[in-house]
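# What the coordinates show
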Amino acid sequence: MRVLIGFFLLMNATVLAGTLTCEGWYQEKDKDIEKAPMALASQTENDKIYSATYKDYVYQVDWNQKLTTFYTTIEKDKKRILFTTARVPTDNHPEAFTDLNLPDGPRLSVNCEVKVNPK
């Protein structure tokens, strides 16, 4: 149990030692990816919520710091079209990525990356 707790504390400390950035990505067929940087929309003791709106899509990442988990959602017209969980990026695995290709629409993605601050 101590090893497991130590792992989660170390993983969370690694993220906290770096800078987290998240973006909502939008790509129409045969076009370049358009990126919308997410801003910190709200924060509590245990959660940080990053959000961006781009072309009527709402991208959101809810970072539950106790569980070291991301909950990623994409909505349009207040209807959820994507919900996933992801691991929080660390210096060993610096990105978390979620991708969705709509059948008759754009490709939507959420990318979060941690850049570890130099010591």
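In the block above lies the structure referred to throughout.
The present account deals with the structure reproduced in this document.

Quick notes on the rules
Residues numbered from 1 in each chain as written. Predicted model: local features only at pLDDT ≥ 70, side-chain atom pairs only at ≥ 80, totals over all residues. Heavy atoms only, no water. Salt bridge = Lys/Arg side-chain N within 4 Å of Asp/Glu carboxyl O. Helix = DSSP H or I, 4+ residues; strand = E, 2+ residues; numbered from the N terminus. Pairing = 2+ DSSP bridges. Axes fitted to C-alpha atoms, helices over the stretch in contact; angles between N-to-C directions. Buried < 20%, exposed > 50% of the residue type's maximum accessible area, 1.4 Å probe, protein only. Polar contact = N/O pair within 3.5 Å; in protein donor to acceptor, adjacent residues only side chain to side chain. Contact = heavy atoms within 4.5 Å. 1 Å grid on protein atoms, 1.4 Å probe; cavity = no way out; pocket = protein on both sides within 12 Å on 5 of 7 lines; lining within 4 Å. Points joined across faces, edges and corners; volume = space filled by probe spheres on them. Nonpolar A, V, L, I, M, F, W, Y, C, P; charged D, E, K, R; others polar.

Attention now moves to the pattern of salt bridges. Taken as a whole and judged by the stated rule, the model has two salt bridges. Among the salt bridges present, the one from Lys-55 reaches Glu-34, with a minimum N-O distance of 3.5 Å. Here the residue Lys-55 occupies a position in the loop between strand 4 (47-54) and strand 5 (57-64), and Glu-34 occupies one in strand 2 (residues 34-37), the gap between them amounting to 21 residues.

Pairing is antiparallel across the open sheet formed by five strands, whose spatial order is 3-4-5-6-7. The strands lining the two open edges of the sheet, one partner per strand, are strand 3 (39-43) and strand 7 (79-87). Adjacent strand axes in the sheet meet at a mean angle of 20° when their direction is disregarded. Where strand 6 (residues 69-76) meets strand 7, eight bridges bridge the pair, whose relative direction is antiparallel. By the bridge assignment for strand 7, Thr-69 is matched with Arg-87.

Moving on, we come to the side chain of Asn-111. Relative to the helices and strands, Asn-111 resides in strand 9 (residues 107-116). Among the residues examined, Asn-111 registers a relative accessible area of 5% and is labelled buried. A distance of 3.2 Å separates a polar atom in the side chain of Asn-111 from a polar atom in the side chain of Glu-95. Apart from residues lying up to four places away in sequence, Asn-111 is in contact with Thr-21, Cys-22, Glu-23, Trp-25, Glu-95, Ala-96 and Phe-97.

The tally for this structure, following the rule as stated, stands at one cavity of 30 Å³ or more. Counted as a void, the largest cavity has a volume near 30 Å³. Taken together, Phe-70, Thr-72, Ala-86, Ala-96, Phe-97, Thr-98, Val-110 and Cys-112 form the lining of the largest cavity. Looking at the lining of the largest cavity, the elements that each hand over two or more residues are strand 6, strand 8 (95-101) and strand 9. Taken together, the residues of the lining of the largest cavity break down into six nonpolar, two polar and no charged.

Everything listed is a geometric property; what it means functionally is a separate question.
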